[in-house]
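# Residue-level structure breakdown
Each chain is listed here by its residues.
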Amino acid sequence: MMEEGLTINNLKARVNRIEDILSSVAAGDLEARINSEFEDDFTGVEAAVDLLINDLTDELMQREKTQKELEERLATIQEQQKTILMQQEDLLELSSPVTKVWDNVVVLPVIGTLDSRRTQIMMENLLQKIVDTGCTIAILDITGVATIDTQVANHLIKTVTAARLLGAECIVSGISPAIAQTIVHLGIDLSTIQTKATLQESMQYAFQRNNQHVVEIAPEEHMSHGE
Amino acid sequence: MNDVITERRIPIIKIGNYLIVSIQVDMHDRLAIELQAQILEELSKTGAKGVLIDISVLEMVDSFIGRMLSGMASMAAIMDASVVIVGMQPAVAITLVELGLEMPNVETALNMEKGIEMLEKNLKQRNANKA
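Let me begin by describing the structure that accompanies this report. All values reported here derive from a predicted model rather than from experimental measurement.

## Notes on the interface of chain B and chain A
- At the interface, 17 residues of chain B touch 17 residues of chain A.
- Where chain B packs against chain A, one counts one salt bridge.
- A salt bridge links A:Lys158 to B:Glu98; the shortest N-O distance between them is 3.0 Å.
- If you look at where chain B meets chain A, you find eight residue pairs in polar contact (both at pLDDT 80 or more).
- Elements represented by at least two residues in the side of chain B that touches chain A include exactly helix 4 (90-98) and strand 5 (107-109) of chain B.
- Sort the elements by how many residues they give to the side of chain B that touches chain A and helix 4 of chain B lands first, with six residues.
- Here the residues of the side of chain B that touches chain A sort into 12 nonpolar, two polar and three charged.

So, in structure tokens, the structure goes:
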């Protein structure tokens, strides 16, 4: 089946070879090439097929490399994510240290940023501690808190109300000027909550509620106690 | 009254001037209504001045029971007695607050002992007011 002006040797065998090579490439053998030993009009076609296989192989290898890189990066990110989550858990654990400071008084000093989740955990810890220790006065000191939003303020109110339901009184102290401004601007009514300016004043209030007061003792008396 | 209800009835104990009710079973709506009626009945019969309701074993309080307790306090107040609820679990308190049942007219105490102290204080105050 020769056309005018074309010289092709051994056409049938060479077409078969092209088919073979293409199918082995498709099957995954990326090294297979035609490498024709003939020099005639069909050689160009064979060379073009070889070229295409080369390009394809390059493309595939490039893609594999990129994929591997991406997978490695993903693994690193996942590892980091895990660390962050673990640290977050730790932080939540550490961030609500409810301490019994005196007969009948527990204190929860809050430091840092308050979000709903943290406030929720704080609330649960505080209530549990109230029940465990049997203390009827709880002081929530928010001196270390820079800002709060509506939701957090709402949580604080809920905490105080829940503490009351348990039979304890909850005092909030250390409201900063910025927070006071925010609260009033947001239209939140904190009048149902007992607030004190400082932790010291809330302690004094707690003593008062416990029918106790602090007395200063004379130095010599103090010395004699030491002996 | 059928047997099931009598069997599950919650005991109301009178000690001194107070009635003590310790809820040891899971509350359902009908039991709650009956309990309320029984307590008020007992109040008028004995002339007690205070009611102590211990709910320390209750793991769950729904809005109905919450309202019943809150209503109980208002009713007792009209009958010249005060109600103190003692031993509420933290989870129950959180649930009630989330439900918006803040029970402003109900007095609460951490345990029986503190509850009785509170009732005694209330009674003393009332006597002082009368005098």
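## Thoughts on helix 6 (residues 199-209) of chain A
All names here are of chain A.
- Residues of helix 6 that are buried: Ser-202, Met-203, Tyr-205, Ala-206 and Phe-207.
- Packing partners of the buried residues in helix 6 comprise strand 1 (99-102), strand 2 (105-111), strand 3 (137-144), strand 4 (169-173) and strand 5 (194-196).
- Among the residues trailing helix 6, Asn-211 stands out with phi positive, at a value near 60 degrees.

## A few points about the side chain of B:Ser70
- Looking at where B:Ser70 falls in the secondary structure, it is placed in helix 3 (residues 63-78).
- Excluding anything up to four places from it in sequence, B:Ser70 contacts B:Met103, B:Asn105 and B:Val106.

## Here's the deal with the sheet that holds strand 4 (residues 82-86) of chain B
Residue and element names in this part refer to chain B.
- Strand order in this open sheet of five strands is 1-2-3-4-5, and the pairing throughout is mixed. Among the strands making up the open sheet, the edge pair consists of strand 1 (12-15) and strand 5. Neighbouring strand axes in the sheet, compared pairwise and without regard to direction, differ in orientation by 25 degrees on average.
- Note: strand 4 against strand 5, three bridges, orientation parallel. Bridged to Val-84 within strand 5 is Glu-107.
- Lying over the sheet, helix 3 contacts strand 3 (50-54) and strand 4, oriented at roughly 150 degrees with respect to strand 4.
- Seen against the sheet, helix 5 (residues 112-130) touches strand 2 (18-22), strand 3, strand 4 and strand 5 and runs at an angle of roughly 165 degrees to strand 4.

## Let's talk about the environment of B:Val25
All names here are of chain B.
- In this fold, Val-25 is placed in the loop between strand 2 and helix 2 (29-46).
- What makes Val-25 partly exposed here is its relative accessible area of 36%.
- In sequence terms Val-25 and Leu-58 are 33 residues apart; their C-alpha atoms lie 7.4 Å from each other.
- In contact with Val-25, not counting residues within four places along its chain, are Ile-10, Leu-31 and Leu-58.

## Regarding the pairing of strand 3 of chain B
Residues and elements named next belong to chain B.
- Burial analysis of strand 3 places five of its five residues in the buried class, the great majority of the element.
- Burial along strand 3 is two-sided: the face carrying Gly-50, Leu-52 and Asp-54 and the face carrying Val-51 and Ile-53 are both buried.
- Relative to strand 3, strand 2 runs parallel, the two being bridged by five bridges. Residue Val-21 lies in a different strand from strand 3, and its bridge partner there is Ile-53.
- Handedness of the strand 2-helix 2-strand 3 crossover: right-handed.
- The pairing of strand 3 with strand 4 spans five bridges and is classified as parallel. Its bridge partner being in strand 4, Leu-52 is matched across the sheet by Val-84.
- Taking the sense of rotation as the criterion, the β-α-β connection linking strand 3, helix 3 and strand 4 turns out right-handed.

## A closer look at unusual backbone geometry
- In this structure, A:Asn104 takes a positive phi of about 70 degrees despite not being glycine.
- Turning to its location among the elements, A:Asn104 is positioned in the loop between strand 1 and strand 2.
- In this model, B:Asp80 sits at a positive phi of 65 degrees, which is unusual for a non-glycine residue.
- Locating B:Asp80 in the fold gives a position in the loop between helix 3 and strand 4.

Quick notes on the rules
Counting of residues starts from 1 at the beginning of each chain's written sequence and follows it residue by residue. Starting at A for chains and at 1 for ligands, labels are handed out in the order in which the entities are written. Whole-chain, interface and lining totals are the exception, using all residues; otherwise, since this is a predicted model, local features are given only for residues with pLDDT of at least 70 and side-chain atom pairs are given and counted only at 80 or more. Hydrogens are left out, water is left out, and the side-chain values use all remaining heavy atoms of the structure. By definition, residues are in contact when any of their heavy atoms lie within 4.5 Å. Whenever Lys or Arg places a side-chain nitrogen within 4 Å of a carboxyl oxygen from Asp or Glu, that contact is recorded as a salt bridge. For the purposes of these results, a polar contact is taken to be a pair of N or O atoms within 3.5 Å, where, inside protein, one atom must be able to donate a hydrogen and its partner to accept one; residues adjacent in sequence count only when each atom of the pair is a side-chain atom. For the purposes of this entry, the term helix denotes a DSSP run of H or I that reaches at least four residues, the term strand denotes a run of E that reaches at least two, and both are numbered from the N terminus. Ten residues, namely Ala, Val, Leu, Ile, Met, Phe, Trp, Tyr, Cys and Pro, are considered nonpolar, four, namely Asp, Glu, Lys and Arg, are considered charged, and the remaining ones, Gly among them, are considered polar. Note on classification: 1.4 Å probe, protein chains only; a residue is buried when its accessible area is under 20% of the maximum for its type, exposed when over 50%, partly exposed between these limits. Note on pairing: two strands pair once DSSP finds at least 2 bridges between them. Orientation is described by axes fitted as lines to C-alpha atoms, over the contacting stretch for helices, and by angles from 0 to 180 degrees between their N-to-C directions. By definition, the crossover connecting two strands over a helix is right-handed if that path, from the first strand to the second, turns clockwise as seen with the strands pointing away from the viewer.

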